Amino acid sequence: MPVGVVFLLHFHSFLMPDEAATENILKAELTMAALCGRLGLVTSRDAFITAICKGSLPPHYALTVLNTTTAATLSNKSYSVQGQSVMMISPSSESHQQVVAVGQPLAVQPQGTVMLTSKNIQCMRTLLNLAHCHGAVLGTSWQLVLATLQHLVWILGLKPSSGGALKPGRAVEGPSTVLTTAVMTDLPVISNILSRLFESSQYLDDVSLHHLINALCSLSLEAMDMAYGNNKEPSLFAVAKLLETGLVNMHRIEILWRPLTGHLLEVCQHPNSRMREWGAEALTSLIKAGLTFNHDPPLSQNQRLQLLLLNPLKEMSNINHPDIRLKQLECVLQILQSQGDSLGPGWPLVLGVMGAIRNDQGESLIRTAFQCLQLVVTDFLPTMPCTCLQIVVDVAGSFGLHNQELNISLTSIGLLWNISDYFFQRGETIEKELNKEEAAQQKQAEEKGVVLNRPFHPAPPFDCLWLCLYAKLGELCVDPRPAVRKSAGQTLFSTIGAHGTLLQHSTWHTVIWKVLFHLLDRVRESSTTADKEKIESGGGNILIHHSRDTAEKQWAETWVLTLAGVARIFNTRRYLLQPLGDFSRAWDVLLDHIQSAALSKNNEVSLAALKSFQEILQIVSPVRDSDKPETPPVVNVPVPVLIGPISGMSRPFVRTDSIGERLGRYSSSEPPIVTDELEDLNLWWAAWNTWYRIGSESTKPPVTFDKLTFIPSQPFLTALIQIFPALYQHIKTGFNMDDLQKLGVILHSAISVPISSDASPFILPSYTEAVLTSLQEAVLTALDVLQKAICVGPENMQIMYPAIFDQLLAFVEFSCKPPQYGQLETKHIANAKYNQIQLFAPAEWVALNYVPFAERSLEVVVDLYQKTACHKAVVNEKVLQYIIKTLRVPLSLKYSCPSESTWKLAVSSLLKVLSIGLPVARQHASSGKFDSMWPELANTFEDFLFTKSIPPDNLSIQEFQRNENIDVEVVQLISNEILPYANFIPKEFVGQIMTMLNKGSIHSQSSSFTEAEIDIRLREEFSKMCFETLLQFSFSNKVTTPQEGYISRMALSVLLKRSQDVLHRYIEDERLSGKCPLPRQQVTEIIFVLKAVSTLIDSLKKTQPENVDGNTWAQVIALYPTLVECITCSSSEVCSALKEALVPFKDFMQPPASRVQNGES
């Protein structure tokens, strides 16, 4: 039929007022269109369809799609799709048709409204009927039909609802659509027919279906073009119907999936939010429906289709609009909840969607994605292929690195721990599956001639899974946020500690070098470059503690945690690490990390480094006692102990590697690790060198001091010194004098370090007790360990004794002269009894109270000397002389010592040392090794017995007497240990002793004494002891040679001279004083001398005449005239003493011998 006839028919139908006639014409057009379609007469088909389409639209509402070439021959007026030339018809215009609806035209710039008449609705029904019944023959005409329907739907105000069905709704902008009652009742029917139309697409053949899809896509593109550049409500007809068509064609979804989802993905990227929202709605609905549809064969057997369905979900990750990503993630969550168990090979795509969320995509997106991940980890790990587990680890790790929400980061670390636990529990299954997969991949790679490439190759696949987990946690350990670092660090080391035994032995090499040392390097670098600026608050109203108020302090905590964790692994897993081959290199690297941390200018880090050092040094070959504690020791215990049981070296997957089995393994005669003893020794010497470097660097005084100068804390120094005993146990066989000297320097420097005035109340002992600080205890312990080792060690070790004495004696000197730390000015703390310390005085630094330490050192010296006095090295190195020389300082200071206890201890120590040392000195008299000791000893006696220091004013009489008793003890020592052996002692020394005794036997006078105290204060007991000693050695019945008698002669001579002097002085003073009595002390002295003279004469008379020198008799007789002169004294006590002295002279009274001349008397 000619096209013109078509339009004529159609034109008449509009002129006819009768609805039935119009209906008949429309039916005829429908029949003709269907017939032309069946016969393949495309032009005629399109002409009939165009006619019906035009009849469906308002008069003069023109469309480009309807103005085809055919139509253009009859219509000389062309209209654009945008409807810019729409002719407006007002309700009052000349029209004999009933207006049933008024709405807006579908245009970029809608102007006014357009009206639909009942005839338009009639034509629309015919059009729907045509599409519904004859869709298979429409072909490219779908474009015309759908374009018309889109415009009608828009004018009628139908909006898409769920599933793509169109329902009456309100326009978003502009005047509301006005509908008459008649059409209102028709709308649900129209909507229903529209939906049925697209539902019937399931009966179309594939070609027709593609025509329909193409037409909808084309319409959608036009709608998208119109929606660009504005936020007005777009036409969603095409998108809604694409969804509807897809849903009903699920049984053959493969043939339309790509064009359908490809277009919807474009819609999802549209700038108009409403447009892309519906694009995403359509796409996600299709994906969910596709996965739930009962395909034949089912999805579980058709992996290709499953991946095809899930692929668009993954493609959505390339879209940056947050609302689209939210839809995508909500879809993932719903898929997991409904289909999670059957995702199978689709897991990588689903996990990829979660992992694609970036840090800058907003908190709500990250939160939703994380919800998905939590669901996966809690519910679906057992159902997914083991090859996907690594992706789960990567995704969980990536959430830890997101900095939008701290809680998510921390929870993701918890998820990693849960994942590791799952690996542990299902280890055997996972390992088998991974190995199987690995073998298949290896085969494929070989066939293709490529190398299999995966992270941490060539470790076994199950180990690679663990290494990926460790590496992820390692990344989180250097996160900028302190809380994340701390949590990740704890999790990493707990995981390695709990599950590390699952790893193959060779994999430990990677753990140490690629995970642990790599982490330590990064933490050290970040810590040393961290900002020192103070952080005011932690966001909101959170206050930050002063120990964490700078980035540097926060990184310090991370450094501490990391170093401690690595050290613990080295300790507990040494049996695994040592056979690896490059253990000594790893040991050196670890020691280097410990050293740099220990020397960092941060007290927290440096102390923790030493604790880690202590931990790795506590490794010893396991002991056999099965009753040893099973818990690891406290970190700062200095003695080496067995670290508790460790899981076995095989690869058990249940935690039943029992302690008994483990100890059983060790209870054989062989140690568990057959390591080269020499190599083992090298490890300990490396540790010693590190210890020495830490010690010498940290205790070296700075050149200049200011407020920021770093001075090591007491706990740090204590920990440092406490390491030595444990370390020494391993290196004692090669420990020589050089090492001892190095040790000595560190001990001396450490003990000299002052403490901050802030810390002093916590470290200094309280005023009333004189106790040692922990550091001082540790120093003495170190020396104690050494001297005990030397004692039982070989001969060549015993030459170290003198060096130990030197060290201890240097400490003894601190009692009177505290050590100086560089040029630092400190407040000195003297004896707490006498000096109340002002702890909060202005000085920045406080020197410790060294008195208790020096005194303890002196006790150690005495104790050690008692054990070693006869030792060759001790004799040769003149140790006795150095002890005496050191003691001379406090003894000469006496009352001027900072603490009274010091000189008293020095005296008792001197007496003990001499009682041991003097016999040794006499034994070696001929060798000359003690020659220089005697003058030192004589000077020490002199300085002590005749001290220049004045007793304090508050010294009580009882105290004075006690002190005098000490002086008496010294004289007794001279009397018992020195003078009896005068023939083995240098004469000069004996001469000095005699002079001293002489000096002591003369009463010294002090003007400060009150009359009542004079009797006591004169040191009468001391003088008497000196005099008696002189007397004792004045005569000796045992003298056999003149050489042996020299001491007697010397003593007598001194004694008589002294008596003569005292008597002369008394006579002189008595004469000058007139009637005034002489001072009490002088009277006492003369009485004492007079008694001594009578004792002396008695002794002389009892002695063998040949033993008394003629000069001595002469001196005794010379006393007589002086005694006679004393008769005039006024004191009755002196008179009675004088009588006793004069009476013995009667024995000298005898007639003079008669001269013999010529043999006659």
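Keep in mind that what you see is a predicted model, and the values were worked out from it rather than measured.

## A short note on the overall build of the chain
Next, step 1: In terms of regular secondary structure, the chain is built from 45 helices and seven strands.
Next, step 2: Burial analysis of the chain (1161 residues in total) assigns 52% to the buried set.
Next, step 3: Put simply, the chain shows about 52,800 Å² of open surface, and 53% of that area lies on carbon and sulfur atoms.

## Here we look at unusual backbone geometry
Next, step 1: Residues Asp 296 and Pro 297 are joined by a peptide bond in cis, for which omega reads -5°.
Next, step 2: Tracing the sequence through the fold places Pro 297 in the loop between α11 (273-292) and α12 (303-315).
Next, step 3: Phi is positive for Lys 878, close to 60°, though the residue is something other than glycine.
Next, step 4: Relative to the helices and strands, Lys 878 is located in the loop between α34 (872-876) and α35 (879-893).

## A look at the environment of Leu 260
Next, step 1: The residue Leu 260 is located in helix α10 (residues 253-268) in this model.
Next, step 2: Here Leu 260 falls in the buried class, since its relative accessible area comes to 0%.
Next, step 3: For the pair formed by Leu 260 and Thr 245, sequence separation is 15 residues and the distance between their alpha carbons is 9.5 Å.
Next, step 4: Setting aside residues up to four positions removed in sequence, Leu 260 forms contacts with Ile 213, Leu 242, Gly 246 and Leu 286.

## Remarks on the environment of Cys 1026
Next, step 1: Of note, Cys 1026 is situated in helix α41 (residues 1020-1032).
Next, step 2: Distance in space between the C-alpha atoms of Cys 1026 and Val 968 is 8.3 Å, their sequence separation being 58 residues.
Next, step 3: Those residues in contact with Cys 1026 that lie beyond four places of it in its chain are Val 971, Leu 997, Gly 1000 and Ser 1001.

## Notes on the packing of α12 against helix α13 (residues 322-339)
Next, step 1: The contact between α12 and α13 brings their axes to 10 Å, and the two run at 145°. For the pair α12 and α13, the crossing hand works out as left-handed. For the pair α12 and α13, the contacting residues are Leu 310, Leu 313 and Lys 314 in the first and Gln 328, Cys 331, Val 332 and Ile 335 in the second.

## Some words on the confidence of the model for the chain
Next, step 1: Scored by pLDDT, the chain has a mean of 78; 75% of the residues are at 70 or more.
Next, step 2: Scored below 50 in pLDDT, residues 68-96 makes 38 contacts in the model with residues more than four places away or belonging to other chains.
Next, step 3: Under a pLDDT of 50 for its full length, residues 171-175 has, in the predicted model, nine contacts with residues more than four places off or in other chains.

## Digging into the packing of aromatic side chains
Next, step 1: Applying the stated criterion across every chain, the model contains 28 aromatic pairs.
Next, step 2: Between Trp 513 and Phe 517 the ring centres are 5.1 Å apart and the planes differ by 75°, which places this aromatic pair in the edge-to-face class. Of the two residues, Trp 513 and Phe 517 are both situated in helix α21 (residues 507-529); the distance of four residues between them amounts to about one turn of the helix. With respect to burial, Trp 513 and Phe 517 carry one shared label: buried.

## Considerations on the pattern of salt bridges
Next, step 1: This model, assessed by the stated rule, comprises 30 salt bridges.
Next, step 2: Salt-bridge contacts for Asp 479 lead to Arg 481; the nearest nitrogen and oxygen are separated by 2.8 Å. The same class applies to Asp 479 and to Arg 481, which are both buried.
Next, step 3: In this structure, a network of salt bridges that share partners links the residues Glu 900, Lys 904, Glu 959 and Arg 962.

## Considering helix α17 (residues 406-425)
Next, step 1: Its 20 residues place the ends of α17 29 Å apart at the C-alpha level, agreeing with the 28 Å of an ideal helix rising 1.5 Å per residue.
Next, step 2: On its buried face, α17 is in contact with α15 (363-380), α16 (389-401), α18 (427-448), α19 (461-476) and α20 (482-499).

## Describing the packing of α12 against helix α14 (residues 347-355)
Next, step 1: Direction vectors running N to C along α12 and α14 enclose 5°, while the axes themselves pass 9 Å from each other. One element, α12, and the other, α14, form an angle in the roughly parallel class. Taken together, the residues of α14 that come into contact with α12 (itself represented by Leu 307, Leu 310, Asn 311, Leu 313 and Lys 314) are Leu 349, Val 350 and Val 353.
Next, step 2: Tallied by class, the residues present in the contact of α12 with α14 amount to six nonpolar, one polar and one charged.

## Some words on the nonpolar core
Next, step 1: By size, the foremost hydrophobic cluster in this structure holds 311 residues, and its most contacted members are Leu 336, Phe 570, Phe 613, Trp 691 and Phe 941.
Next, step 2: In contact with Phe 613, other than residues within four places in its own chain, are Leu 591, Ile 594, Ala 687, Thr 690, Trp 691, Ile 694 and Ile 723.

## Concerning the side chain of Thr 562
Next, step 1: Within the secondary structure, Thr 562 is located in helix α22 (residues 551-572).
Next, step 2: When residues no more than four places from it in sequence are discounted, the contact partners of Thr 562 are Phe 493, Leu 519, Leu 520 and Val 523.

## A look at the side chain of His 263
Next, step 1: Its place among the elements puts His 263 in helix α10.
Next, step 2: Look at His 263 and you get buried, because its relative accessible area is 5%.
Next, step 3: Contact partners of His 263, with chain neighbours within four places excluded, come to Cys 217, Ser 220, Leu 221, Met 224 and Leu 242.

## Focus: helix α44 (residues 1110-1125)
Next, step 1: Every buried residue of α44 is listed here: Thr 1112, Val 1116, Leu 1119, Thr 1122 and Leu 1123. Projected onto a plane normal to the axis of α44, the buried residues spread over an arc of 110° and lie on a single side.

## Concerning a nonpolar patch on the surface
Next, step 1: On the surface, Leu 35, Leu 39 and Leu 41 cluster together into a nonpolar patch covering about 280 Å² of accessible area.
Next, step 2: Residue position: Leu 39 is located in helix α2 (residues 19-39).
Next, step 3: Judged by its relative accessible area of 57%, Leu 39 is exposed.

## Regarding the state of the cysteines
Two cysteines whose sulfur atoms are joined by a covalent bond form what is called a disulfide.
Next, step 1: Going through the model one piece at a time under the given rule, you end up with zero disulfides.
Next, step 2: A disulfide-free cysteine, Cys 1135 has its sulfur positioned 3.5 Å from the sulfur of Cys 1129, the nearest such atom.

Basis of the calculations
Residues numbered from 1 in each chain as written. Predicted model: local features only at pLDDT ≥ 70, side-chain atom pairs only at ≥ 80, totals over all residues. Heavy atoms only, no water. Helix = DSSP H or I, 4+ residues; strand = E, 2+ residues; numbered from the N terminus. Buried < 20%, exposed > 50% of the residue type's maximum accessible area, 1.4 Å probe, protein only. Areas by Shrake-Rupley, 256 points an atom, 1.4 Å probe, with all protein chains shown as cover. Contact = heavy atoms within 4.5 Å. Axes fitted to C-alpha atoms, helices over the stretch in contact; angles between N-to-C directions. Left-handed = near helix turned anticlockwise from the far one by under 90°. pLDDT = per-residue confidence, 0-100. Phe/Tyr/Trp six-rings, centres within 6.5 Å; stacked < 30°, edge-to-face > 60°. Salt bridge = Lys/Arg side-chain N within 4 Å of Asp/Glu carboxyl O. Expected span 1.5 Å × (residues − 1). Parallel < 35°, antiparallel > 145°, perpendicular 65-115°, else oblique. Nonpolar A, V, L, I, M, F, W, Y, C, P; charged D, E, K, R; others polar. Core = buried A, V, L, I, M, F, W, Y, C linked by side-chain atoms within 4.5 Å. Arc of directions from axis to C-beta. Patch = residues over 30% accessible without salt bridge, like charges linked within 9 Å, V, L, I, M, F, W, Y side chains within 5 Å. Disulfide = S-S within 2.5 Å.

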